[in-house]
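# Structural features, examined
As a plain string of letters, each chain reads:
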Amino acid sequence: FSYPPSSRCQKLRREQNPTHLYGDTGNVVIMLAIQSDKTCEDTIYKTLFLETYHSIFIPNVFTPNNDKVNDVFIPVGKFQGIVDYRMDIYNRWGDLIFTTSDKYTGWNGGINNDITKIVHNGAYVYYIELTDNQGETVSYKGHFVLLVDY
C-alpha cells in the first residue's frame, strides 16, 4: 500500500491488513501494489472521496482558576473538513463578551480573553457555528457554568 501525502513523500507498508488515518477530507489516490514470491507483480490505483466528519463535545462547566485543569472553555472533538468556524460567548444579559473564529482558541473567562477582566461565577451562553468543506453549516447553542471560586 502507498498513502501519498505528497507525490515526493510516499509511505510504503508491507503488512497484510494495513490501515491509515487521513488528516483531512477530499479526494485521495490509494495505490495497491502486490508481488508474489514468484515475481508476479500488479498495481492498482483507486481514487476515494473522504467525506467530512465533525463531532464535537461542548463542556457544561469550567473553572478558570489557573490550576491548569479545565481553565479554558473550548469545544473538543473532530473538526475534519471545517473551513469556517465561529464561537460567541454571551453573559446572562445578552452582552457578547467573547468571540473567536479559531477553533483552537478557547475562552479563558475574561472579557475578550483579557485575564485581568475575569467575569463572575454564573451561567453563560455559547453559540457556535461551523461550515464544512461541503458547504453544510451546523450550529450549536446552549449554556454552561463558569466557576471562579469553588
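Calculation notes
- Residues numbered from 1 in each chain as written.
- Predicted model: local features only at pLDDT ≥ 70, side-chain atom pairs only at ≥ 80, totals over all residues.
- Heavy atoms only, no water.
- Helix = DSSP H or I, 4+ residues; strand = E, 2+ residues; numbered from the N terminus.
- Buried < 20%, exposed > 50% of the residue type's maximum accessible area, 1.4 Å probe, protein only.
- Contact = heavy atoms within 4.5 Å.
- Areas by Shrake-Rupley, 256 points an atom, 1.4 Å probe, with all protein chains shown as cover.
- Pairing = 2+ DSSP bridges.
- Salt bridge = Lys/Arg side-chain N within 4 Å of Asp/Glu carboxyl O.
- Phe/Tyr/Trp six-rings, centres within 6.5 Å; stacked < 30°, edge-to-face > 60°.
- Core = buried A, V, L, I, M, F, W, Y, C linked by side-chain atoms within 4.5 Å.

### Notes on the overall build of the protein
When you go through the protein residue by residue, the secondary structure sums to zero helices and 11 strands. From first element to last, N terminus to C terminus, the protein shows the α and β order β-β-β-β-β-β-β-β-β-β-β. Of all 150 residues assigned to the protein, the portion counted as buried reaches 32%. A separation threshold of at least 6 residues defines the contact pool for the protein, and within that pool the share at least 24 residues apart is 44%. Carbon and sulfur atoms provide 51% of the accessible area of the protein, an area that totals close to 10,300 Å².

### Concerning the pairing of strand 3 (residues 26–35)
Along any regular strand the residues' side chains alternate between the sheet's two faces. Looking at chain direction, strand 3 and strand 4 (residues 41–50) are connected through 10 bridges and run antiparallel. Along strand 4, the bridge assignment pairs Met31 with Tyr45. Hairpin connection from strand 3 to strand 4: five residues lie between these consecutive antiparallel strands, with Thr39 at a positive phi of about 60 degrees.

### Some thoughts on the pattern of salt bridges
Across all of its chains, the model carries one salt bridge by this definition. A salt bridge links Arg86 to Asp88; its shortest N-O distance comes to 2.9 Å. Taking relative accessible area as the criterion, Asp88 reaches 3% and is therefore assigned buried.

### What about the packing of aromatic side chains?
Applying the stated criterion to the full structure yields nine aromatic pairs. Pairing Phe62 with Trp107 gives two aromatic rings, centres 5.6 Å apart and planes at 55 degrees, and the pair type is tilted. Of this pair, Phe62 sits in strand 6 (residues 61–62) while Trp107 is found in the loop between strand 9 (96–100) and strand 10 (122–132), placing the two residues 45 residues apart along the sequence. Across the pair, exposure class does not vary: Phe62 and Trp107 are buried alike. Each member of the aromatic cluster is reached from another via a ring pair, and the members are Phe62, Phe73, Trp107, Tyr124, Tyr126 and Phe144.

### Quick look at unusual backbone geometry
In the Ramachandran plot, Asn70 falls in the positive-phi region, its phi being about 60 degrees despite a non-glycine side chain. Its location among the elements puts Asn70 in the loop between strand 6 and strand 7 (76–79).

### Thoughts on the nonpolar core
With 20 residues, the main nonpolar core has Phe73, Ile89, Trp107, Tyr124 and Phe144 as its most contacted residues. Within the residue set of this core, elements represented by two or more residues are strand 8 (82–90), strand 9, strand 10 and strand 11 (137–146). Beyond its immediate chain neighbours, meaning those up to four positions away, Phe144 contacts Pro59, Asn60, Val61, Phe62, Phe73, Ile89, Trp107, Gly122, Ala123, Tyr124, Val125 and Tyr126.

### A closer look at the environment of Asp95
With respect to the helices, strands and loops of the structure, Asp95 is situated in the loop between strand 8 and strand 9. With 30 residues separating them in the primary sequence, Asp95 and Val125 have C-alpha atoms 9.9 Å apart. Apart from residues lying up to four places away in sequence, Asp95 is in contact with Ile89 and Tyr90.

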